[in-house]
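Reading the structure
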Amino acid sequence: MVFCRRGLPAATKVVALLICVGVGLRVTSQTIPPHKAGIVLFDGSNLNQFDTFLKSKGLNSDPDHVFLVENGVIHVSGKEMGYIITKQPYHDFYLRAEFKWGEGTYGEREGQARDSGILFNVQGEQKVWPRSIEFQITEGGTGDFWMTDGAALTGRDGKRAEGPPGSALKIDRFGKGPSRNVVGFRDPVGELEKPHGEWNVLELVTQGNNVKQYVNGKLANEGTNPFPAEGKILFQSEGAEVFFRDMTLYPLK
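Section: the overall build of the chain
- Secondary structure summary: the chain contains 1 helix and 18 strands in total.
- Within the chain, buried positions represent 48% of all 253 residues.
- Within the chain, contacts between residues separated by at least 24 positions form 65% of all contacts whose residues are at least 6 apart in sequence.
- Taken as a whole, the chain presents about 12300 Å² of accessible surface, with 52% of it coming from carbon and sulfur.

Quick look at the pairing of strand 5 (residues 73–76)
- Neither face of strand 5 is exposed, since V73 and H75 on one face and I74 and V76 on the opposite face are all buried.
- Joining the antiparallel neighbours strand 4 (residues 67–70) and strand 5 is a turn of 2 residues, in which N71 adopts a positive phi near 50°.

So, the pairing of strand 11 (residues 152–155)
- Taking every second residue as pointing to the same face, both faces of strand 11 are buried, with A152 and T154 on one and L153 and G155 on the other.
- The sheet contact formed by strand 11 and strand 12 (residues 160–162) spans 3 bridges and is antiparallel. Bridge pairing in strand 12 places T154 opposite R160.
- Connecting strand 11 to the next strand, strand 12, in antiparallel fashion are 4 residues, including G158 with a positive phi near 90°.
- As defined by bridge partners, strand 11 adjoins strand 16 (residues 218–227) across 3 bridges and the pair is classed as antiparallel. Along strand 16, the bridge assignment pairs T154 with T224.

Quick look at the sheet that holds strand 6 (residues 82–86)
- The antiparallel open sheet is built from 8 strands, whose spatial order is 3-2-6-17-8-9-10-13. The outermost strands of the open sheet, each flanked by one partner alone, are strand 3 (58–59) and strand 13 (168–171).
- Alignment of strand 9 (residues 131–138) against strand 10 (residues 145–148), held across 4 bridges, turns out to be antiparallel. By the bridge assignment, F135 is partnered in strand 10 with F145.

So, how was this worked out
- Residues numbered from 1 in each chain as written.
- Predicted model: local features only at pLDDT ≥ 70, side-chain atom pairs only at ≥ 80, totals over all residues.
- Heavy atoms only, no water.
- Helix = DSSP H or I, 4+ residues; strand = E, 2+ residues; numbered from the N terminus.
- Buried < 20%, exposed > 50% of the residue type's maximum accessible area, 1.4 Å probe, protein only.
- Contact = heavy atoms within 4.5 Å.
- Areas by Shrake-Rupley, 256 points an atom, 1.4 Å probe, with all protein chains shown as cover.
- Pairing = 2+ DSSP bridges.

And the structure:
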């Protein structure tokens, strides 16, 4: 904790003021509610907390190692559409995970903006893609919401977004600029990601009727009255090489 004190030299007062302002900004940009001890979804050694699903091979069949644990991280090749999905459903939680992009883009997404995502409140059949709300991870658009296959959320502007059956509908993140669907794209106005190849921190809070998404400590998006309101959590393989680590879920108190 930083205290702003009187009776300091002028230069020291300026530094102290800047520190206090910085602390204040951090507090207002990222508010994590009280929570219980964490449930480690990935401990750096195995995928025991997850099932795998690939569009071409179904459940728990990954002969080409689309999902591979290497050097304490999950390496997602992106060469097939699919995901790892938690074996248990969750509600009212704080999820923290880190990701960084690899190099390759494949299939229908070759040459396009690298794409992945964290889908939560997942319900229904295993498929690409199941009913869920998505914390979008994509070059130039990380922090967007996507409502898929009947899922719905009310944005901060009060408008209700509902994904059509078999399709999806987006709510852009705050401060997002114009986008281009090309590999390596970075938002010229409101980019939240770190430069390519660096680790990014994603935080998701679902608390009652409220959902908030943070990218590198900044509030990227929020909504209310999610449908579904609980379910499993999945991490996508969607045509781009990506890495995940430090994936922990904290049930809220």
